[in-house]
Amino acid sequence: MPLSAEQSHQTPSAAIPASIPWMPLVWCGTLLVVTYLPILAFMARQWNNDDDMGHGFFVPLVALYVVWQMRDSLLAVKSKPSWLGLVLLVWGGLQMAVGMLGAELFLQRTAFVVSLVGAVVFLKGWPMLRALRFPLAMLLFMIPIPAVIYNQITFPLQLLASSVAEVALTMVGIPVLRDGNVLELASQKLSVVEACSGIRSLLSLTFLSLVYGYFFEENRVVMRWLLFLSTLPIAIAANSFRVSLTGVISEYNPELAQGFFHSLEGWVIFVFALGLLVGFHRLLVGLSPRFGFLKVSA
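Residues numbered from 1 in each chain as written. Predicted model: local features only at pLDDT ≥ 70, side-chain atom pairs only at ≥ 80, totals over all residues. Heavy atoms only, no water.

Participant: How would you explain the overall build of the protein if you had to name every residue and give the values?
Facilitator: For the protein, the count of helices and strands is twelve helices and three strands. Taking as baseline every contact in the protein between residues at least 6 positions apart, the subset at least 24 positions apart corresponds to 72%. (Helix = DSSP H or I, 4+ residues; strand = E, 2+ residues; numbered from the N terminus. Contact = heavy atoms within 4.5 Å.)

Participant: Explain unusual backbone geometry residue by residue, including any values.
Facilitator: For Ala103, which is not glycine, the phi dihedral falls at a positive 55 degrees. When you line up the elements, Ala103 lands in the loop between α5 (84-101) and α6 (105-124). Note on Ala103: relative accessible area 60%, which makes it exposed. (Buried < 20%, exposed > 50% of the residue type's maximum accessible area, 1.4 Å probe, protein only.)

Participant: Give me the lowdown on the pattern of salt bridges, citing residues and values where you can.
Facilitator: Opposite charge on two side chains lets them pair, provided their charged atoms get close. This model, assessed by the stated rule, comprises two salt bridges. Between Glu166 and Arg178 there is a salt bridge, with its nearest N and O atoms 3.1 Å apart. Here Glu166, found in helix α9 (residues 147-171), pairs with Arg178, found in strand β1 (residues 177-179); they are twelve residues apart in sequence, far enough to count as distant. According to the relative accessible area criterion, Glu166 is partly exposed, its value standing at 23%. Close ionic contact of Glu217 with Arg220 constitutes a salt bridge, the shortest N to O distance being 2.7 Å. (Salt bridge = Lys/Arg side-chain N within 4 Å of Asp/Glu carboxyl O.)

Participant: Please give an account of α5 that cites residues and values.
Facilitator: For α5, which comprises 18 residues, the first-to-last C-alpha distance of 26 Å matches the rise-based estimate of 26 Å (1.5 Å per residue) to within 8%. Along α5, the residues that are buried comprise Gly85, Leu88, Gly92, Gln95, Met96 and Gly99. Buried residues in α5, looked at end-on, bunch into an arc of 100 degrees, giving them a common side. For α5, the exposed residues lying more than 90 degrees away from the buried face are Val87, Leu94, Val98 and Leu101. Buried residues in α5 make contact with α2 (22-49), α6 and α7 (126-131). (Expected span 1.5 Å × (residues − 1). Arc of directions from axis to C-beta.)

Participant: Give me the nonpolar core: which residues, what numbers.
Facilitator: Across soluble globular proteins, you tend to see nonpolar side chains buried next to one another. Ranked by size, the top nonpolar core spans 52 residues in total, and within it Tyr36, Met138 and Met142 carry the most contacts. Ranked by residues supplied to this core, first place goes to helix α10 (residues 199-216) with nine residues. Excluding residues within four positions of it along the chain, Met142 makes contact with Met43, Trp47, Met53, Gly56, Val59, Pro60 and Phe112. (Core = buried A, V, L, I, M, F, W, Y, C linked by side-chain atoms within 4.5 Å.)

Participant: Account for the packing of aromatic side chains, with residues named and values stated.
Facilitator: Applying the stated criterion across every chain yields a total of ten aromatic pairs. In this structure an aromatic cluster arises from ring pairing among Tyr65, Phe134, Tyr214 and Phe215. In this structure, Arg224 packs its charged tip against the face of Phe134, placed 5.1 Å from the ring centre. (Phe/Tyr/Trp six-rings, centres within 6.5 Å; stacked < 30°, edge-to-face > 60°. Lys NZ or Arg CZ within 6 Å of the ring centre and 35° of its normal.)

Participant: So what's going on with the packing of α9 against helix α11 (residues 221-252)? Which residues, and what values?
Facilitator: Where α9 contacts α11, the two axes come as close as 8 Å, and the packing angle between them is 55 degrees. With respect to each other, α9 and α11 are oriented oblique. The interaxial crossing formed by α9 with α11 has right-handed handedness. When α9 is examined against α11, the residues Leu157, Leu160, Ala161, Val164, Ala165, Ala168 and Leu169 are found in contact with a partner set consisting of Ile236, Asn239, Ser240, Val243, Ser244, Gly247 and Val248. When its residues are assigned to classes, the contact of α9 with α11 shows ten nonpolar, four polar and no charged. (Axes fitted to C-alpha atoms, helices over the stretch in contact; angles between N-to-C directions. Parallel < 35°, antiparallel > 145°, perpendicular 65-115°, else oblique. Left-handed = near helix turned anticlockwise from the far one by under 90°. Nonpolar A, V, L, I, M, F, W, Y, C, P; charged D, E, K, R; others polar.)

Participant: Residues and numbers for the sheet that holds β1, please.
Facilitator: Read across the open sheet, the three strands follow the order β1-β2-β3; overall the sheet is antiparallel. With partners counted over all chains shown, the strands left at the sheet margins are β1 and β3 (189-191), one partner each. Within the sheet, the average angular offset between the axes of one strand and its neighbour, ignoring direction, is 20 degrees. Where strand β2 (residues 182-184) lies against β3, three bridges are found, and the strand directions are antiparallel. Of the residues in β3, the one forming a bridge with Val182 is Ser191. (Pairing = 2+ DSSP bridges.)

Participant: Outline the side chain of Gln108, listing residues and values.
Facilitator: Considering the arrangement of structural elements, one finds Gln108 in helix α6. Residue classification places Gln108 among the buried residues on the basis of a relative accessible area of 9%. Non-local contacts of Gln108, meaning those with residues more than four positions away in its chain, are made with Tyr36, Ile39, Met96, Gly99, Met100 and Ala103.

Participant: Lay out the confidence of the model for the protein in plain terms, naming residues and giving numbers.
Facilitator: Looking at the protein as a whole, the pLDDT averages 82, with 85% of positions reaching at least 70. Confidence over residues 1-17 falls short of pLDDT 50; this stretch has two contacts with residues more than four positions distant or in other chains. (pLDDT = per-residue confidence, 0-100.)

Participant: Quick one: what's the story with a positive patch on the surface, residue by residue and with numbers?
Facilitator: Together, Lys78, Lys80, Arg130 and Arg133 make up a region of like positive charge exposed at the surface. Following the sequence through the fold, Lys80 ends up in the loop between α4 (71-75) and α5. You can call Lys80 partly exposed: its relative accessible area is 47%. (Patch = residues over 30% accessible without salt bridge, like charges linked within 9 Å, V, L, I, M, F, W, Y side chains within 5 Å. Areas by Shrake-Rupley, 256 points an atom, 1.4 Å probe, with all protein chains shown as cover. Lys, Arg positive; Asp, Glu negative; His and termini not counted. Charge placed at Lys NZ, Arg CZ, Asp CG, Glu CD.)

Participant: Outline the packing of α2 against α5, supporting the account with residue identities and numerical values.
Facilitator: At a minimum axis separation of 12 Å, α2 and α5 run at an interaxial angle of 35 degrees. Read as a crossing pair, α2 and α5 show a hand that is left-handed. For the pair α2 and α5, contact is made by Thr35, Tyr36 and Ile39 and by Gly92, Gly93 and Met96, respectively. Tallied by class, residues from the contact of α2 with α5 come to three nonpolar, three polar and no charged.

Now the structure itself:
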């Protein structure tokens, strides 16, 4: 059967499938991994040993999955290789060297992201970098916070959690005296240490908010920002509730506030915080017909 003029015009373009440039991806990815392998391996060991960074294992996997989901749109991006990408690659290499000489882990680890960005720009150009900005930015969540910044964040959170717990315990009739981050109860002292500061749930919940917002609100940028920003008050409220609950439980059975039960309590409270995030999203969805700014697309 002869083709019409319109069909004949469409067939050749439809017959040429978009292909993934596997060779450049493989050799460039291999070079980056080999170059940064000691740094990446040490970072992975920290993910395994540091409870605050347990989500680190999932960050590169989720980023790769997002890239795979975007593969059709990425293949449609016009390739415009830029020599500025080579500058970024050199910058990343120098940053890694400086970090290794100064034993500065944060510089070494962020150098990998800089080099990855440079490779994208060098091979495919700035349009591809713009298309990949979300998964590349997500990789920053796999890098542990520098100790000097970590300490500046955790101590105020410890004081805030202990202050809220003092008020909550007093309201339920449990006498308590707070000295900094230490709660003195009638039977014992409870110390709100770094692990109980809420930084762990804050980091994990922030990462999950990005993933959740991407899959459920991909086209509404304002909604995604609100979900991201909501993680701070949600994590603080959930952790304060956890510390208060620990104080109440310890008055009735001190063993339930330690060891396995204390860890289990942390997981339950984190699931509760995640539920609050989902509930806040449902609230925003319900309000979106009344507030036009919630419908703003990316």
